[in-house]
Amino acid sequence: MLGPPAEFLISFGARFVPCMRSVPGLPPTNMIPCLKESTSSQQKFMKDQMCSLAHICGLDDPKNPDQGYRFVSAIFVHAGIVHILFNLIVLLTLCCQIEKLIGTIAYAIVFMAGGIGGNLLGGNFGLIGQPALGASGAVYTCISFEMIDLIYNWKYEIKPKTRLTVSIIFAVLGLALGLLPGLDNFSHIGGFCVGILGGMVFAPSIHSTKTHMFINWLCRLIGMGLLIAFIVALVLNFYRNDDPATACKWCRYLSCLPMFDACRGYGTYYELGTYAYSHLRYINYDFRWRFYNELATKKRLPSSHYLSTSPFLSPLFCDLLGILSV
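Parameters and conventions
Residues numbered from 1 in each chain as written. Predicted model: local features only at pLDDT ≥ 70, side-chain atom pairs only at ≥ 80, totals over all residues. Heavy atoms only, no water. Helix = DSSP H or I, 4+ residues; strand = E, 2+ residues; numbered from the N terminus. Contact = heavy atoms within 4.5 Å. Areas by Shrake-Rupley, 256 points an atom, 1.4 Å probe, with all protein chains shown as cover. UniProt positions renumbered as here; feature names shortened; annotations may be inferred. Core = buried A, V, L, I, M, F, W, Y, C linked by side-chain atoms within 4.5 Å. Buried < 20%, exposed > 50% of the residue type's maximum accessible area, 1.4 Å probe, protein only. Axes fitted to C-alpha atoms, helices over the stretch in contact; angles between N-to-C directions. Left-handed = near helix turned anticlockwise from the far one by under 90°. Nonpolar A, V, L, I, M, F, W, Y, C, P; charged D, E, K, R; others polar. Disulfide = S-S within 2.5 Å. Salt bridge = Lys/Arg side-chain N within 4 Å of Asp/Glu carboxyl O. Phe/Tyr/Trp six-rings, centres within 6.5 Å; stacked < 30°, edge-to-face > 60°. Lys NZ or Arg CZ within 6 Å of the ring centre and 35° of its normal.

On to the overall build of the protein chain, then. Secondary structure summary: the protein chain contains 10 helices and 5 strands in total. Contacts spanning at least 24 positions in sequence make up 75% of the contacts within the protein chain whose residues lie at least 6 apart. Working note: accessible area of the protein chain is about 15,600 Å², and carbon and sulfur atoms make up 68% of it.

Right, here's the structure in full:
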């Protein structure tokens, strides 16, 4: 195990949708292994080893999950030393250069917007049964921001075509790796989009003519409007729809391909003694989040239906590709 189990990550502030809003089929009363049992390798748990999801989340009102702060706190939670190490390498190289370029205040706005935007996109369309965490969304914001800065100052950059081509290739490869199971590619995509829009707003530019200055400021206004619309639309869709994924039925394939069994489940299955306490399955693979509870007393579940209880692993390879694209 490379890091803490999922239950610890949830309690530490990872993005976990059932702690943030009501989810059909996964109420806060749902039972999962307690923190003291979560490090165990056993697949079966007795009743006294189970705790409610509300207890793990730390909900004040079990009937009203409202921990929206997890969109922010998840940025600063990591799955282990290796995970945070790769993120720090990117932050201390590419992201530091961007901070020097635009200043600390503007950088803080772009960085946090990228992390929050990535978590919002993942919260709307990602696997809700897995805790998601890390600063990878903000890291991808730095990558796309650097591309916009390169385009803004095309005439003054050294070998701009080569640099832009290399950056695009590595960014595409990194996003492609995010399609593998266990990786939250929506955080990468969301952060990448915020980086483009944030770059349009904050990236410095040398104005050679008044026409260039007018076009540049027009781009900044458009970028600001699109960035605000992007964040607001995701927030409204997350809280107003019972099933946010219906807003984009094909979007789930941007993070997980259907050929992987792990991409079809949205929750964690635990066995309570000889009885299945709760089981979440994705039904009909019709791009929608549909859940049902199935008791083992009614139907014994085959072993192939068991979902892994391993902690969420963040995109280490994607972060490495981000470093190479500098």
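Past the structure itself, the notes keep going.
This part covers the UniProt feature "transmembrane region" (unreviewed entry) in the protein chain. The residues that UniProt annotates with the feature "transmembrane region" (unreviewed entry) are residues 71–94, 101–121, 133–152, 164–183, 189–206 and 218–239. Secondary structure across residues 71–94 comprises 71% helix and 0% strand; the distance between its end C-alpha atoms is 23 Å. Between the end C-alpha atoms of residues 218–239 the distance is 32 Å, and the span holds 100% helix and 0% strand.

Take the nonpolar core next. Of all hydrophobic cores here, the largest spans 60 residues; its most connected members are Ile98, Ile102, Tyr107, Phe111, Phe125 and Ile143. Here the element with the most residues in this core is helix H6 (residues 136–152); it accounts for 10 residues. Contacts of isoleucine 102, omitting those with residues within four sequence positions, involve Tyr107, Val110, Phe145, Phe202 and Pro204. Membership of the second largest hydrophobic core comes to 5 residues, among which are Ala14, Val77, Ala79 and Leu133.

Another point: the packing of helix H5 (residues 104–125) against helix H8 (residues 185–202). Relative orientation of the contacting elements H5 and H8 amounts to 145°, with a least axis distance of 7 Å. Relative to H8, H5 is oriented so that their crossing is right-handed. For the pair H5 and H8, contact is made by Ala106, Ile109, Val110, Ala113, Gly114, Gly117, Gly118, Asn119, Leu121, Gly122 and Phe125 and by Phe186, Ser187, Ile189, Gly190, Gly191, Val194 and Phe202, respectively. Of the residues contributing to the contact of H5 with H8, the split by class is 10 nonpolar, 8 polar and no charged.

Even without being glycine, lysine 159 reaches a positive phi, approximately 50°. By the secondary structure assignment, lysine 159 is in the loop between H6 and helix H7 (160–177).

The subject of this paragraph is the environment of leucine 133. Within the fold, leucine 133 resides in the loop between H5 and H6. A relative accessible area of 6% means that leucine 133 is categorised as buried.

For the rest of this paragraph, the subject is the state of the cysteines. Under the defined criterion, the tally for this structure stands at 3 disulfides. Here cysteine 19 connects covalently by a disulfide to cysteine 57, the sulfurs 1.7 Å from one another. Because the torsion about its S-S bond is -60°, the bridge between cysteine 19 and cysteine 57 counts as left-handed. Of this pair, cysteine 19 sits in the loop between helix H1 (6–12) and strand E1 (31–33) while cysteine 57 sits in helix H2 (residues 53–57); the two residues are 38 residues apart in sequence, bridging distant segments of the chain. Of the residues examined, cysteine 19 reaches a relative accessible area of 0% and is grouped as buried. A relative accessible area of 5% places cysteine 57 in the buried class. Here cysteine 95 connects covalently by a disulfide to cysteine 142, the sulfurs 2.4 Å from one another. Residues cysteine 95 and cysteine 142 share a disulfide whose torsion about the S-S bond is about 115°; that sign makes it right-handed.

As a further point, take the pattern of salt bridges. Counted by the stated rule, this structure contains 3 salt bridges. The partner of arginine 163 in a salt bridge is glutamate 146, with the nearest N and O atoms 3.6 Å apart. On the criterion of sequence distance, the pair formed by arginine 163 in helix H7 and glutamate 146 in helix H6 is long-range, its members being 17 residues apart. Residue arginine 163 is classed as partly exposed on the basis of its relative accessible area, which comes to 34%. Taking relative accessible area as the criterion, glutamate 146 reaches 12% and is therefore assigned buried. Sharing partners across several salt bridges, the network here consists of Glu146, Glu157 and Arg163.

Summed over the entire model, instances satisfying the criterion amount to 5 aromatic pairs. Their ring planes at 40° and their centres at 5.8 Å tell us that tyrosine 107 and phenylalanine 111 sit as a pair that is tilted. Of this pair, tyrosine 107 and phenylalanine 111 both sit in helix H5, 4 residues apart, roughly one helical turn. A relative accessible area of 13% means that tyrosine 107 is categorised as buried. These aromatic residues form a ring-pair network of at least three members: Phe71, Phe238 and Tyr239. The positively charged end of arginine 21 is found above the aromatic ring belonging to phenylalanine 238, 5.6 Å away from the centroid. In this structure, arginine 220 is placed above the aromatic ring of tryptophan 217, and the distance from its NZ or CZ to the ring centre is 5.6 Å.

Looking now at the environment of tryptophan 154. Turning to its location among the elements, tryptophan 154 is positioned in the loop between H6 and H7. Between the C-alpha atoms of tryptophan 154 and serine 205, which are 51 residues apart in sequence, the distance is 9.5 Å. Each residue touching tryptophan 154, except ones within four places of it in the same chain, is listed here: Pro160, Lys161 and Leu164.

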